[in-house]
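# Fold and contact review
Spelled out, the chains give:
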Amino acid sequence: MWFVSNAQVHLIAIKSALISVFDKTGLEPLIHVLDQQGVKLYSTGGTLQFIRKMGLQVTSVDELTGFPEVFGGRVKTLHPKVFGGILYRRELEEDRQVATEMGIPSIDLVVVDLYPFEATVKAGGSHEEIIEKIDIGGISLLRAAAKNFSHTAVISSKEQYQIVAAWLSDQKGQLNDEQRAYLSSMAFAVTSHYDTAIFNYLNQKAGISSFKQSYILGNELRYGENPHQNASYFGNLSEVFEQLNGKELSYNNLVDVDAGLSLTHDVPGISCAIIKHTNACGMAKGASVLEAYQKALQADPVSAFGGVISISSKIDLACAEALHQLFFEILIAPEYSDDALALLKEKKNRILLQLKQFSPSAKTFKSLLNGVLVQDQDQKVETLEDLKAVTKCKPSEKEAESLLFAALLAKHAKSNTIVLAKDGQLLASGVGQTSRVDALKQAISKAKSFNMDLNGAAMASDAFFPFPDCVEIAHEAGIHLVIQPGGSIKDQESIDYCDSHQMCMVMTGFRHFRH
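Positions within a chain are numbered from 1, following the residues in the order the chain's sequence is written. In view of the model being predicted, local features appear only for residues whose pLDDT reaches at least 70, and side-chain atom pairs are presented and counted only at 80 or more, with totals across whole chains, interfaces and linings using the full set of residues. Calculated side-chain values reflect all of the structure's heavy atoms, with hydrogen atoms and water omitted.

### Observations concerning a nonpolar patch on the surface
- Judged by side-chain polarity, Phe211, Tyr215, Phe234, Phe365, Val372 and Val374 come together as a nonpolar surface patch covering roughly 560 Å² of accessible area.
- Whether a residue is buried, partly exposed or exposed follows from its accessible area with a 1.4 Å probe, protein chains only, as a fraction of its type maximum: under 20%, in between, or over 50%, in that order. Look at valine 372 and you get partly exposed, because its relative accessible area is 42%. For patches, a residue must show more than 30% relative accessible area and have no salt bridge; joins then use 9 Å for like charges and 5 Å for nonpolar side chains, namely Val, Leu, Ile, Met, Phe, Trp and Tyr. Only the protein chains shown count as cover for residues, with accessible areas throughout obtained via the Shrake-Rupley method and a probe of 1.4 Å. Should a side-chain nitrogen of Lys or Arg be within 4 Å of a carboxyl oxygen of Asp or Glu, the pair is scored as a salt bridge.

Spelled out as structure tokens, the structure:
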């Protein structure tokens, strides 16, 4: 480590503390510990009044600096007596002499939480309200204390109150080097995250080409895609779902949960997606959750084994009884009936998640080479208005629905992909193939192996057909509905084949590669 080893750790006494927080939640026990240890307290504004209401002695920063808060509280602590007390180097005689001459007291602990900038943005605050929540004094105090952690400790969030209070109680009002270094690192994590949030808000208009993303804390996962890889998740999963049962979620679990939610999010009504390695091996709409699940399972009951299932509506007992017969890793749904949940919980390792809210992120990013690729999320879902009939045969309204459903599934599958669907049900798919022809052959073979009737099925391709071979193979399999983006210099050859074999083809103009 870059700081001293445990063998050399020494303690410093916390004799004075500056406390100025926006959110007072959980603050009182920490203040009581500081008071019990005889720590001199300094404070400002609402925190000052909070401490006084506790009946404790506290000195206002105004009194320390001889300068009042001004500009509606925008300037409170930005003063040499405050920052000098935090930053001066106790081991240097010249610093100690200046502090004595200038009447600058030592400040050994800084407790600050920042104005809720992100929460104000998320709540839809006005631009003026959001700008007012850009903290200046607070973030400066955190940085100063974090820099001088050899002599000054810093608490940068309410989540740290309890542990620091425990340290102070156990160590008679003292903190060691390792503890202060940890708190310093956490403070810089807070300040860098805060600055990133401000930049990303302002950059919506400025449009500066700079990649900045920050998540304040991460959860260490069991491992990554494979057991020899370390992995963490950065974000607040409790905002997305509540885990009701089962073991700890893994890296691959989270990837598949995201794939399942993304798919059912795009499908209106009651739907069920069965995901394996981010691809849907089953997907269907139904009049009930049971029907949707049963139709989804028909497409590939073999691959469904050990899969991740996303269902868009409440799980009732009838559906739970059907699900209970299958070994699956995860089920996520917005609600469960009591009897359904009790049944599904009988398998203790089965992961059951209750969805709270889900919305695909606006951007996606991926690390590669020596940098990061960033792009807009593919949020396009084709509608009837996007369908351009290019053949003599025009699809009926019902056929158009099958075409749109197949196209939506193709959007969510790994390229190259071909999807076969009919009446709101995935019949089969070929995914992740280097050849579009191979993807189609894989889909047809799978459909036949599970006795799925392809007559009247719709075929969707994530990208254009470079040659007419795919429509030829599809026709031979009994498929007469085709949807694709178009754009090949040989589009006409595919159109001509369809015309000569009474096939309906529509083009959308939207490609959906997914790598």
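### Digging into the packing of aromatic side chains
- Note on ring pairs: Phe, Tyr and Trp rings are taken, using the six-membered ring of Trp, and paired if centres are within 6.5 Å. Classes follow the plane angle, with under 30 degrees stacked, over 60 edge-to-face and the rest tilted. The full count for this structure, using the stated rule, is five aromatic pairs.
- Where phenylalanine 117 meets tyrosine 194, the ring centres are 6.2 Å apart and the plane angle is 65°; that geometry is what we call edge-to-face. Here phenylalanine 117, found in helix H6 (residues 117-122), pairs with tyrosine 194, found in helix H10 (residues 177-206); they are 77 residues apart in sequence, far enough to count as distant. Here phenylalanine 117 and tyrosine 194 have matching classes, each one buried.
- Aromatic pair phenylalanine 211 and phenylalanine 365: ring centres 5.2 Å apart, planes at 65°, arrangement edge-to-face. Placement of the pair is phenylalanine 211 in the loop between H10 and strand S8 (218-220) and phenylalanine 365 in strand S16 (residues 363-368), with a sequence separation of 154 residues.
- In this structure phenylalanine 211 comes out as partly exposed when scored by relative accessible area, which is 39%.
- Members of the aromatic cluster, connected to one another through ring pairs, are Phe117, Tyr194 and Tyr201.
- Ring-over charges, as used throughout, are those where CZ of Arg or NZ of Lys falls within 6 Å of the ring centre and within 35 degrees of the ring normal. The ring of tyrosine 88 has arginine 90 lying over it, and the distance from NZ or CZ to the ring centre is 4.4 Å. Secondary structure is summarised from DSSP: a helix means a run of H or I of at least four residues, a strand means a run of E of at least two, and numbering begins at the N terminus for each.

### Considerations on the side chain of asparagine 416
- For asparagine 416, the position within the fold is in the loop between helix H15 (397-411) and strand S19 (418-422).
- We classify asparagine 416 as buried; its relative accessible area is 14%.
- The definition of a polar contact used here is a pair of N or O atoms within 3.5 Å, where within protein one atom must be able to donate a hydrogen and the other to accept one, and adjacent residues in sequence count solely through side-chain atom pairs. In terms of polar contacts, asparagine 416 uses its side chain to reach the backbone carbonyl oxygen of glutamine 433, at 3.1 Å.
- Polar contacts involving the side chain of asparagine 416 include one to the side chain of arginine 436, which spans 2.5 Å.
- Aside from chain neighbours lying at most four places away, what touches asparagine 416 is Gly430, Val431, Gly432, Gln433, Thr434, Ser435, Arg436, Ala439, Asp462 and Phe513. Working rule for contacts: check all heavy atoms of both residues, and any pair within 4.5 Å makes them a contact.

### Thoughts on the pairing of strand S12 (residues 279-285)
- Within S12, six of the seven residues are buried, which leaves the element mostly enclosed by the surrounding structure.
- When DSSP finds two or more bridges between two strands, those strands count as paired. For strand S11 (residues 271-276) and S12, the ladder comprises six bridges, and the chain directions are antiparallel. Along S12, the bridge assignment pairs isoleucine 274 with glycine 282.
- Taken together, S11 and the strand that follows it, S12, pair antiparallel across an intervening segment of two residues, in which histidine 277 is found at a positive phi of about 50°.

### Description of the state of the cysteines
- Cysteine sulfur pairs qualify as disulfides if the two atoms are within 2.5 Å. What the rule picks out here adds up to one disulfide.
- One disulfide in the model links cysteine 393 with cysteine 504; its S-S distance is 1.7 Å. Taken together, the residues span a long stretch of sequence, with cysteine 393 in the loop between strand S18 (388-389) and H15 and cysteine 504 in strand S23 (residues 504-507) at a distance of 111 residues.
- No disulfide involves cysteine 281; its nearest neighbouring cysteine sulfur is the one of cysteine 272, lying 9.4 Å away.

### Looking at the nonpolar core
- To form a nonpolar core, buried Ala, Val, Leu, Ile, Met, Phe, Trp, Tyr and Cys residues must be joined to one another through side-chain atoms within 4.5 Å. If you look at the biggest cluster of nonpolar residues, it comprises 53 residues, and the most contacted ones within it are Ile19, Leu34, Leu41, Val82 and Val111.
- If one sorts the elements of this core by residue count, H10 sits on top with seven residues.
- Setting aside residues up to four positions removed in sequence, leucine 34 forms contacts with Ala17, Ile19, Val39, Leu41, Leu109 and Leu168.
- Judged by nonpolar contacts, the second largest core, of 39 residues, contains Ile332, Leu387, Leu404 and Leu408.

That is the geometry; function is a separate question.
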